[in-house]
Amino acid sequence: MGQTRGTVREWHAELGWGVLDSPDTTGGCWAHFSNIDGTGFRALTVGATVDLDWERAEQDGYSFRATRVKRLEP
């Protein structure tokens with residue numbers, strides 16, 4: 001597990017998942033809406049900066065999976 005700062009590469013709000021890029025998660029880090037800090041409907045914006053906790057895990061073709069995502073204010 002690790003912690004890093006990353007950028008939202010893609011986000012599929014209708015499916016509730018997306019991919020985050022960071023120097024520590026090369027190739028992309030899969031993220032699910034349930035791991036985004038907050039309550040209610042949670043989604044990310046492409047290009048936004050986030051802090052994320054991640055683990056090594058195969059998920060939908062990615063070698064990393066986010067365990068916690070915190071949206072940062074611009």
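See the structure shown above.
Novice: Before we move on, could you go through the overall build of the chain and cite the residues and values that matter?
Specialist: When helices and strands are tallied, the chain shows 0 helices and 5 strands. Shown N-terminal to C-terminal, the secondary structure of the chain runs as helices and strands in the order β-β-β-β-β. Here the C-alpha radius of gyration of the chain, 11 Å, is about what a compact globule of 74 residues would show, namely 11 Å. Principal-axis analysis of the C-alpha atoms gives the chain an extent of 25 × 25 × 20 Å. A burial count over the chain gives 38% of its 74 residues as buried. The long-range fraction of contacts in the chain, counting pairs at least 24 apart against all pairs at least 6 apart in sequence, stands at 50%. Accessible surface, the chain as shown: approximately 4300 Å² in total, 49% of it carbon and sulfur. One way to put it: in the chain the 8 positive side-chain charges average out to a point 4 Å from where the 11 negative ones average out.

Novice: Go over the nonpolar core, please, and point to the residues and values.
Specialist: Soluble, globular proteins show a tendency: their nonpolar side chains are buried together. Ranked by size, the top nonpolar core spans 13 residues in total, and within it Leu20, Cys29, Leu44, Val50, Leu52 and Val69 carry the most contacts. Elements supplying a minimum of two residues to this core: strand 1 (2–12), strand 3 (29–32), strand 4 (49–59) and strand 5 (62–71). Not counting residues up to four positions away in its chain, the partners in contact with Cys29 are Gly18, Val19, Leu20, Leu52, Trp54, Phe64, Arg65 and Ala66.

Calculation notes
Residues numbered from 1 in each chain as written. Predicted model: local features only at pLDDT ≥ 70, side-chain atom pairs only at ≥ 80, totals over all residues. Heavy atoms only, no water. Helix = DSSP H or I, 4+ residues; strand = E, 2+ residues; numbered from the N terminus. Rg over C-alpha atoms; globule rule 2.2 N^0.38 Å. Buried < 20%, exposed > 50% of the residue type's maximum accessible area, 1.4 Å probe, protein only. Contact = heavy atoms within 4.5 Å. Areas by Shrake-Rupley, 256 points an atom, 1.4 Å probe, with all protein chains shown as cover. Lys, Arg positive; Asp, Glu negative; His and termini not counted. Charge placed at Lys NZ, Arg CZ, Asp CG, Glu CD. Core = buried A, V, L, I, M, F, W, Y, C linked by side-chain atoms within 4.5 Å.

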